[in-house]
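Report on the structure
Below are the chains, spelled out letter by letter.
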Amino acid sequence: IPAMNLSKSPRKTDELKKEIQELDSFPDSRYIEIIRDVGFECDLCGKCCTTEFNDHVFLLDEDVRRIIETIGPEFIEPAPYYDFCDNLGRFSVMGFALRTKSGGNCIFYTNGRCEHYDIRPIVCKIYPYMLHKEDDNNGKIEWRQISGLDEHGLYHSDIDDNTLKEILIDVKKYELLFLNQKLNFSFAIKEHFQKNGLKHNQQIYDRKMRDIKKGKDGEVYVFFSGELKKEIISKQ
């Protein structure tokens, strides 16, 4: 996955602001219709916790704090697919992710169950009701994305009104927090680069990624709680 282009950052931030505004104003009744129509019910198959269905679990800041306070920092790592690499060979990324086991499954997934279900990330709680923009036939923006549709779980189940509202609240909360974290990261990285006279360099990015895949250590600045936190990464 290619890194983001820092030179397009003003346009990107404007797009993110617009996206946040559109999401916040999207009618609750419309999204409740979508949830009711899908009617997803978890059957505890565990597929969404495996590398077969999901690449990684991105963590919001509040997820990170809850995990660290409850079970410790060893369960998190910088999210993969770093957004930038400066001309000194240091990566930057907009947040943390859950660690994965050697086979790629979620570190919480043990013996077919989530070992830390009570503190699972918000994205796991709302799964599969992800929100992403889609254009309908008339060019109107809709917010709809159902992850893994018909690949796991049960569908077209009856969901009571209270549960529908709870899902709606959690989904919109996740997406708004995610988009705001992405927006604040774009401001922070622009300020960091300008203050330190840095530039994103795609050639260095590609070379450093090859080095990491060969087992060499790398340096990455992770955006967390409004700051860029330095971490050392290694594929060993």
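Up top is the structure these notes are about.
Let me begin by describing the structure that accompanies this report. In this text, all values refer to a predicted model and were calculated from it rather than measured experimentally. (Residues numbered from 1 in each chain as written. Predicted model: local features only at pLDDT ≥ 70, side-chain atom pairs only at ≥ 80, totals over all residues. Heavy atoms only, no water.)

Moving on, we get to the overall build of the protein chain. Scanning the protein chain for helices and strands turns up six helices and eleven strands. Every one of the 236 residues in the protein chain was classed for burial, and the buried ones make up 44%. Taking the intrachain contacts of the protein chain between residues at least 6 apart in sequence as the baseline, contacts between residues at least 24 apart amount to 70%. (Helix = DSSP H or I, 4+ residues; strand = E, 2+ residues; numbered from the N terminus. Buried < 20%, exposed > 50% of the residue type's maximum accessible area, 1.4 Å probe, protein only. Contact = heavy atoms within 4.5 Å.)

Attention shifts here to the side chain of Lys172. In this fold, Lys172 is placed in helix H5 (residues 161-196). There is a polar contact of 3.1 Å between the side chain of Lys172 and the side chain of Asp28. Setting aside residues up to four positions removed in sequence, Lys172 forms contacts with Leu23, Asp24, Phe26 and Asp28. (Polar contact = N/O pair within 3.5 Å; in protein donor to acceptor, adjacent residues only side chain to side chain.)

Before going further, it helps to examine the layout of surface pockets. It is a probe the size of a water molecule, rolled over the atoms, that shows where empty space is left. Considering only enclosed or pocket space, the second largest pocket measures out at about 580 Å³ in volume. Glu77, Pro78, Arg99, Thr100 and Lys235 are, among the 29 residues lining the second largest pocket, the residues nearest its centre. Listing elements by their share of the lining of the second largest pocket, those giving two or more residues are strand S2 (76-78), strand S5 (96-98) and strand S11 (227-233). Here the lining of the second largest pocket gets four residues from one element, more than from any other, and that element is S11. Grouping the amino acids of the lining of the second largest pocket by side-chain chemistry returns 14 nonpolar, eight polar and seven charged. (1 Å grid on protein atoms, 1.4 Å probe; cavity = no way out; pocket = protein on both sides within 12 Å on 5 of 7 lines; lining within 4 Å. Points joined across faces, edges and corners; volume = space filled by probe spheres on them. Nonpolar A, V, L, I, M, F, W, Y, C, P; charged D, E, K, R; others polar.)

It is worth spelling out empty space enclosed by the protein at this point. Tallied over the entire structure, the rule returns one cavity of 30 Å³ or more. Here the largest cavity is characterised by a volume of approximately 70 Å³. If you go around the largest cavity, you meet 13 residues; those closest to its centre are Cys49, Asn54, His56, Val57 and Cys106. Its residues assigned to classes, the lining of the largest cavity shows five nonpolar, six polar and two charged.

For helix H2 (residues 28-38), the complete set of buried residues consists of Tyr31, Ile32, Ile34, Ile35 and Val38. Angularly, the buried residues of H2 cover 155° about the axis, an arc narrow enough to put them on a single face. Two residues or fewer past H2, Gly39 is found with a positive phi of approximately 60°. (Arc of directions from axis to C-beta.)

This next bit is on the packing of aromatic side chains. Taken as a whole and judged by the stated rule, the model has ten aromatic pairs. The interplanar angle of 90° and the centroid separation of 5.3 Å between the aromatic rings of Phe91 and Tyr205 together place this pair among those described as edge-to-face. Taken together, the residues span a long stretch of sequence, with Phe91 in strand S4 (residues 91-93) and Tyr205 in helix H6 (residues 202-213) at a distance of 114 residues. Three or more aromatic residues link up through ring pairs in this structure, and these residues are Phe84, Phe185, Phe193 and Phe223. (Phe/Tyr/Trp six-rings, centres within 6.5 Å; stacked < 30°, edge-to-face > 60°.)

What follows is about the environment of Gly89. If you trace the backbone, Gly89 turns up in the loop between strand S3 (84-85) and S4. Assessed through its relative accessible area of 6%, Gly89 is described here as buried. Gly89 sits 112 residues away from Asn201 along the chain, and the two C-alpha atoms are 8.3 Å apart. Not counting chain neighbours up to four residues away, the residues in contact with Gly89 comprise Ile204, Lys208 and Glu219.

Time to look at the sheet that holds strand S1 (residues 58-59). Across the sheet, three strands lie side by side as S1-S5-S2; this open sheet has antiparallel pairing. Strand pairing shows two members of the sheet lacking a second neighbour, S1 and S2, which therefore form its edges. Where S2 lies against S5, three bridges are found, and the strand directions are antiparallel. In the sheet register, Glu77 faces S5, and the bridge partner there is Ala97. (Pairing = 2+ DSSP bridges.)

Further remarks concern the packing of H2 against H5. Relative orientation and spacing of two packed helices are given, respectively, by the angle between their axes and the distance between those axes. Their axes nearest at 10 Å, the elements H2 and H5 cross at an angle of 110°. The angle between the axes of H2 and H5 places the two elements in the roughly perpendicular class. Crossing hand, H2 versus H5: right-handed. Contact residues: Asp28, Tyr31, Ile32, Ile35 and Arg36 in H2; Asp161, Leu164, Lys165, Ile167, Leu168, Val171 and Lys172 in H5. Among the residues making up the contact of H2 with H5, the classes are represented as seven nonpolar, no polar and five charged. (Axes fitted to C-alpha atoms, helices over the stretch in contact; angles between N-to-C directions. Parallel < 35°, antiparallel > 145°, perpendicular 65-115°, else oblique. Left-handed = near helix turned anticlockwise from the far one by under 90°.)

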